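Listed below are the residues making up each chain.
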Amino acid sequence: MSSPSEVLIGNPEMVNRLPYTYAVLKETLRLYPPANGMREGLPGVFIRDKHGPSFPAEGFHIWVVHTAVQRNPSSLTRPHDFIPDRWLVDPGHPLYPPAGGWRPFEHGPRNFIGQNISLMAVKATLALVVRQFDFHDAYAEYDAIHPLKKNEINTLFNERAFMIQKGVVHPAQGFPCKVTLCDAK
Ligand code: HEM
């Protein structure tokens, strides 16, 4: 049987025919966005809550916190759950994501120009590694060596793997894990 890399090298267009892999990738970037958005407030621009007051943006930088937008319980069904199918359902389905609610590359005319090439690279990488390797978290071993310090947290939204700011964002505690070859089972 051909390996995933042989299949992709022979049929590179297949990278555009991986709907479930793409849905997994989109859902991962929804829950764990690696960047944020920053915009300069201009005269006459106001930040408005649809139910609340409005604030002038002039003279401020506006930080768009992707985690908050992409896990917003008022616009998403089961916002903290990993559900790739929300990217495969039709409009009108309860899981269907809200417009403008997925913005790991930001949104609109000034969004990240490299978005498509990044997504293609991650899709191809996923397609090549997931059939070959198993990933198991190694928190038990990690905790035995690194006991929790005072005021330190090790879960967020009940998840052990979460993102922290370290220049750009990184998985907290570096996501300790063990990787095994699938064939080695
Ligand atoms: C999954 C991967 C990536 C994500 C989620 C991401 C996300 C973003 C976001 C949100 C912005 C800000 C866009 C805005 O202000 O509206 C940005 C800008 C930028 N990204 Fe990425 N990025 C990714 C991968 C990369 C890679 C691989 C490179 C370089 C090889 C890169 C280089 C840049 C640069 C240079 C800018 C600044 C562009 C500008 O100011 O006009 N990014 N990215």
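Residues numbered from 1 in each chain as written. Predicted model: local features only at pLDDT ≥ 70, side-chain atom pairs only at ≥ 80, totals over all residues. Heavy atoms only, no water.

Visitor: I would appreciate a short explanation of the domain arrangement of the protein in the present structure.
Guide: For interface size, the figure often reported is the accessible area lost on association. When its domains are assigned, the protein resolves into domain 1 (1–131) and domain 2 (132–185). On a C-alpha basis, the centroid separation for the pair domain 1 and domain 2 is 23 Å. If you look at the interface, domain 1 gives 13 residues, while domain 2 gives 11 residues. The interface formed by domain 1 and domain 2 contains one salt bridge. With a closest N to O distance of 3.7 Å, Arg71 and Glu159 form a salt bridge. Applying the counting rule to domain 1 against domain 2 returns four residue pairs in polar contact (both at pLDDT 80 or more). Classifying every residue of the side of domain 1 that touches domain 2 gives eight nonpolar, three polar and two charged. (Domains from an automatic or database assignment. Contact = heavy atoms within 4.5 Å. Salt bridge = Lys/Arg side-chain N within 4 Å of Asp/Glu carboxyl O. Polar contact = N/O pair within 3.5 Å; in protein donor to acceptor, adjacent residues only side chain to side chain. Nonpolar A, V, L, I, M, F, W, Y, C, P; charged D, E, K, R; others polar.)

Visitor: Please clarify how a nonpolar patch on the surface should be interpreted in this entry.
Guide: Among the surface-exposed residues, Met38, Trp63 and Val65 lie close enough to one another that they form a single nonpolar patch of about 310 Å² accessible area. Mapping Met38 onto the fold places it in strand E1 (residues 37–40). (Patch = residues over 30% accessible without salt bridge, like charges linked within 9 Å, V, L, I, M, F, W, Y side chains within 5 Å. Areas by Shrake-Rupley, 256 points an atom, 1.4 Å probe, with all protein chains shown as cover. Helix = DSSP H or I, 4+ residues; strand = E, 2+ residues; numbered from the N terminus.)

Visitor: Would you mind going over unusual backbone geometry with me for this structure?
Guide: Peptide bonds are mostly trans, and most non-glycine residues show a negative phi. In this structure, Glu106 is a non-glycine residue whose phi angle is positive, near 65°. Of the residues examined, Glu106 reaches a relative accessible area of 11% and is grouped as buried. One non-glycine residue, Gln173, adopts positive backbone phi at about 60°. Judged by relative accessible area, Gln173 falls into the buried class, the value being 19%. (Buried < 20%, exposed > 50% of the residue type's maximum accessible area, 1.4 Å probe, protein only.)

Visitor: So what exactly am I meant to see when it comes to the site of the ligand here?
Guide: Residues in close proximity to the ligand include Pro34, Ala35, Asn36, Arg39, Pro104, Phe105, Glu106, Arg110, Asn111, Phe112 and Ser118, which together make up its full environment. At 2.5 Å from an oxygen atom of the ligand is found a side-chain nitrogen or oxygen belonging to Arg39. One of the backbone N or O atoms of Arg110 is found 2.7 Å from an oxygen atom in the ligand. Considering only residue class, the shell around the ligand consists of five nonpolar, three polar and three charged. (Near = heavy atom within 4 Å.)

Visitor: In this structure, what is going on with helix H4 (residues 115–129)? I would like to understand it.
Guide: Structurally, the α-helix is built with 3.6 residues per turn, so residues lying three or four positions apart point the same way. Look at H4: 21 Å from first C-alpha to last across 15 residues, which is about the 21 Å you get at 1.5 Å a residue. For H4, the complete set of buried residues consists of Gln115, Leu119, Lys123 and Ala127. What you see down the axis of H4 is that its buried residues fit within an arc of 95°, all on one side. Check the buried side of H4 and you find it contacts helix H1 (4–10) and helix H2 (19–31). (Expected span 1.5 Å × (residues − 1). Arc of directions from axis to C-beta.)

Visitor: Sorry if this is basic, but what is going on with the packing of aromatic side chains here?
Guide: Each aromatic ring pair is described using two quantities: the centre-to-centre distance and the angle formed by the ring planes. What the rule picks out here adds up to four aromatic pairs. Through a chain of ring-to-ring contacts, the aromatic side chains of Trp87, Trp102, Phe105 and Phe112 assemble into a single cluster. For Lys26, the ring lying beneath its charged end belongs to Trp102, and the centroid distance is 4.5 Å. Directly above the ring of Tyr32 sits Arg71, whose terminal nitrogen or CZ lies 5.9 Å from the centroid. (Phe/Tyr/Trp six-rings, centres within 6.5 Å; stacked < 30°, edge-to-face > 60°. Lys NZ or Arg CZ within 6 Å of the ring centre and 35° of its normal.)

Visitor: Would you mind showing me how to read the nonpolar core here?
Guide: Counting seven residues, the largest nonpolar core consists of Ala23, Leu25, Leu29, Trp87, Trp102, Phe105 and Leu119. No other element matches H2, which puts three residues into this core. What Leu119 contacts, discounting residues up to four positions off in sequence, is Tyr22, Leu25, Leu29 and Phe105. (Core = buried A, V, L, I, M, F, W, Y, C linked by side-chain atoms within 4.5 Å.)

Visitor: Hey, could you run me through the environment of Val24 in this one?
Guide: On the secondary structure map, Val24 appears in helix H2. Accessibility expressed as a relative area gives 22% for Val24, which makes it partly exposed. Between the alpha carbons of Val24 and Trp87 there is a distance of 8.4 Å; along the sequence they are 63 residues apart. Ignoring sequence-local partners within four residues, the contact set of Val24 consists of Phe82 and Pro84.

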